[in-house]
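Examination of the molecular architecture
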Amino acid sequence: MIRAVGSHPPASAPVLAAYGYCETVTGQQARNFAYGIRLLPTAERRAMSALYAFSRRVDDIGDGALADDVKVARLEDTRALLSRIRDGAVDEDDTDPVAVALAHAAGRFPIPLGGLDELIDGVQMDVRGETYETWDDLKAYCRCVAGAIGRLSLGVFGTEPGARGAERAPEYADTLGLALQLTNILRDVREDAEGGRTYLPADDLAKFGCSAGFSGPTPPEGSDFAGLVHFEVRRARALFAEGYRLLPLLDRRSGACVAAMAGIYRRLLDRIERHPEAVLRGRVSLPGREKAYVAVRGLSGLDTRHVTRRAVRRRA
């Protein structure tokens, strides 16, 4: 997937206003995502904000307090809107700024909009209250709600012309999305339990004596909660290692964006690994100064160079 090139006419005032709305949504609600996309050129940053704003809308339907049948109807309405965007049926003066911005972004970049259908599918799984017996089951869900976002983002980034192994970029983007989602699941295990949701595979919970769930600030009596967390952390680290192979395939600023977003989650994973029970007492997060440091590190290209050196050693 080569980066889109060529000249494009300036965006109209309604389109710029729509992008402005999406960037405001992203800045206010994307706690970690925004640190990465700030590193992108203007057109790419706007397109990523449009993707985020649409995805946020889908997530908010699933996470909201509406009755399940209403959520299902709203999700289908959102899918119908996505079909209009895909068919080029959204005008610049449409009253929905997210639709206007996403339609413009999809006209400028080869964004695989089917990934947003997958996101809707994943949120419908949440509405149905699905649980996951095995990692393979959970992985299918994660590919919908996070792997798809990685592939959508790659549509904006593109790959560097002549990059070796570029044909595997969608696979790496998908895997990196899985790594981020598994980190999210570990971070939010108590919050999800309070909302009646369990994401960690049932066979993993049983293996570590955690099948009773996480309804309080302490692990289930007699469980090996730390063992469970460390087991899932190792799984996430393996996904990060594979997904990071995307970085050398991107241009400098796209690579910086990905490295910043993924780097924040990797540091979050480090914190969870050091203090597993902290996730039962509240949301584990990074201070702003640490997120800023990770963004600067991404812009410097340190992570990309590290991945490239490792790949060279493997081929030697």
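Details of the structure are given in the entry above.
Just so you know, these numbers come straight off a predicted model, no measurement behind them.

1. Quick look at the overall build of the chain
From N to C terminus, the chain includes 14 helices and zero strands. Sequence-ordered secondary structure for the chain, helices as α and strands as β, is α-α-α-α-α-α-α-α-α-α-α-α-α-α. Against the compact-globule benchmark of 20 Å for 316 residues, the chain has a radius of gyration of 20 Å, which places it among compact chains. C-alpha atoms of the chain, sized along the principal axes, occupy 65 × 55 × 35 Å. Per-residue burial for the chain yields a buried fraction of 50% across its 316 residues. A separation threshold of at least 6 residues defines the contact pool for the chain, and within that pool the share at least 24 residues apart is 74%. Carbon and sulfur atoms make up 51% of the accessible area of the chain, which totals about 14300 Å². Put simply, the chain has 44 plus and 43 minus side-chain charges, and the middle of one group is 10 Å from the middle of the other.

2. Some details on helix 5 (residues 97-108)
Here helix 5 spans 17 Å end to end across twelve residues, near enough to the 16 Å set by a 1.5 Å rise per residue. Every buried residue of helix 5 is listed here: Val98, Ala99, Val100, Ala101, Leu102 and Ala105. Tucked inside the fold, the buried residues of helix 5 contact helix 1 (13-29), helix 3 (42-63), helix 4 (68-86) and helix 6 (114-128).

3. Comments concerning the packing of helix 3 against helix 7 (residues 135-157)
Contact geometry of helix 3 with helix 7 gives a least axis separation of 9 Å together with a crossing angle of 155°. On the basis of the axis angle, helix 3 is roughly antiparallel to helix 7. Relative to helix 7, helix 3 is oriented so that their crossing is right-handed. Residues Glu44, Ala47, Met48, Leu51 and Ser55 of helix 3 pack against Ile149, Leu152, Ser153, Val156 and Phe157 of helix 7. Taken together, the residues that form the contact of helix 3 with helix 7 break down as seven nonpolar, two polar and one charged.

4. Quick notes on the nonpolar core
Among the nonpolar cores identified, the biggest contains 96 residues, and Phe54, Leu116 and Phe240 are the most heavily contacted of them. Sequence-distant contacts of phenylalanine 240, defined by excluding residues within four places in its chain, comprise Leu176, Ala179, Leu180, Thr183, Ala262, Tyr265, Arg266 and Leu269.

5. Side note on the pattern of salt bridges
Enumeration over the complete set of coordinates arrives at 27 salt bridges. For aspartate 174, the salt bridge is made with arginine 151, and the minimal N-O distance between the two is 2.9 Å. Placement of the pair is aspartate 174 in helix 8 (residues 169-187) and arginine 151 in helix 7, with a sequence separation of 23 residues. Here glutamate 290 ties to arginine 267 by a salt bridge, and the two come within 3.0 Å at their closest N and O atoms. Note that glutamate 290 is positioned in helix 13 (residues 288-300) and arginine 267 in helix 12 (residues 252-274), a separation of 23 residues in sequence. For arginine 267, a relative accessible area of 27% puts it in the partly exposed group. Members of the salt-bridge network, linked through shared partners, are Glu76, Arg79, Arg86, Asp117 and Asp121.

Criteria and thresholds
- In this convention, every chain numbers its residues from 1, walking through the sequence in written order.
- Note on the predicted model: pLDDT of at least 70 is required for a residue's local features to be given, and 80 or more for side-chain atom pairs to be given and counted; whole-chain, interface and lining totals, by contrast, use all residues.
- The basis for every side-chain value is the complete set of non-hydrogen atoms in the structure, without hydrogens or water.
- In this description a helix means any DSSP run of H or I spanning at least four residues, a strand means any run of E spanning at least two, and both kinds are numbered starting from the N terminus.
- Radius of gyration: C-alpha atoms only; globule rule: 2.2 Å multiplied by the number of residues to the exponent 0.38.
- Note on exposure labels: buried denotes an accessible area under 20% of the residue type's maximum, exposed denotes more than 50%, and partly exposed covers the range between, all computed with a 1.4 Å probe on protein chains only.
- In this analysis, two residues are considered to be in contact whenever any of their non-hydrogen atoms come within 4.5 Å of each other.
- Only the protein chains shown count as cover for residues, and the accessible areas themselves come from Shrake-Rupley with a 1.4 Å probe.
- Positive charges are assigned to Lys and Arg, negative charges to Asp and Glu, while His and the chain termini are left out of the count.
- Charge placement uses NZ in Lys and CZ in Arg. For Asp and Glu, CG and CD serve respectively.
- Take the number of residues in a helix, subtract one, and multiply by 1.5 Å to get its expected span.
- Each axis is a line fitted through C-alpha atoms, taken for helices only over the stretch in contact, and angles between the N-to-C directions span 0 to 180 degrees.
- Any angle between 65 and 115 degrees counts as roughly perpendicular, while under 35 counts as roughly parallel, over 145 as roughly antiparallel, and the rest as oblique.
- For any helix crossing, the convention is left-handed if the near helix is rotated counterclockwise from the far helix by under a right angle, and right-handed if that rotation is clockwise.
- For this classification, the nonpolar set comprises Ala, Val, Leu, Ile, Met, Phe, Trp, Tyr, Cys and Pro, the charged set comprises Asp, Glu, Lys and Arg, and every other residue, Gly included, is treated as polar.
- Residues belong to one nonpolar core when they are buried, are Ala, Val, Leu, Ile, Met, Phe, Trp, Tyr or Cys, and are joined through side-chain atoms within 4.5 Å.
- Any Lys or Arg side-chain nitrogen found within 4 Å of a carboxyl oxygen on Asp or Glu counts as a salt bridge.

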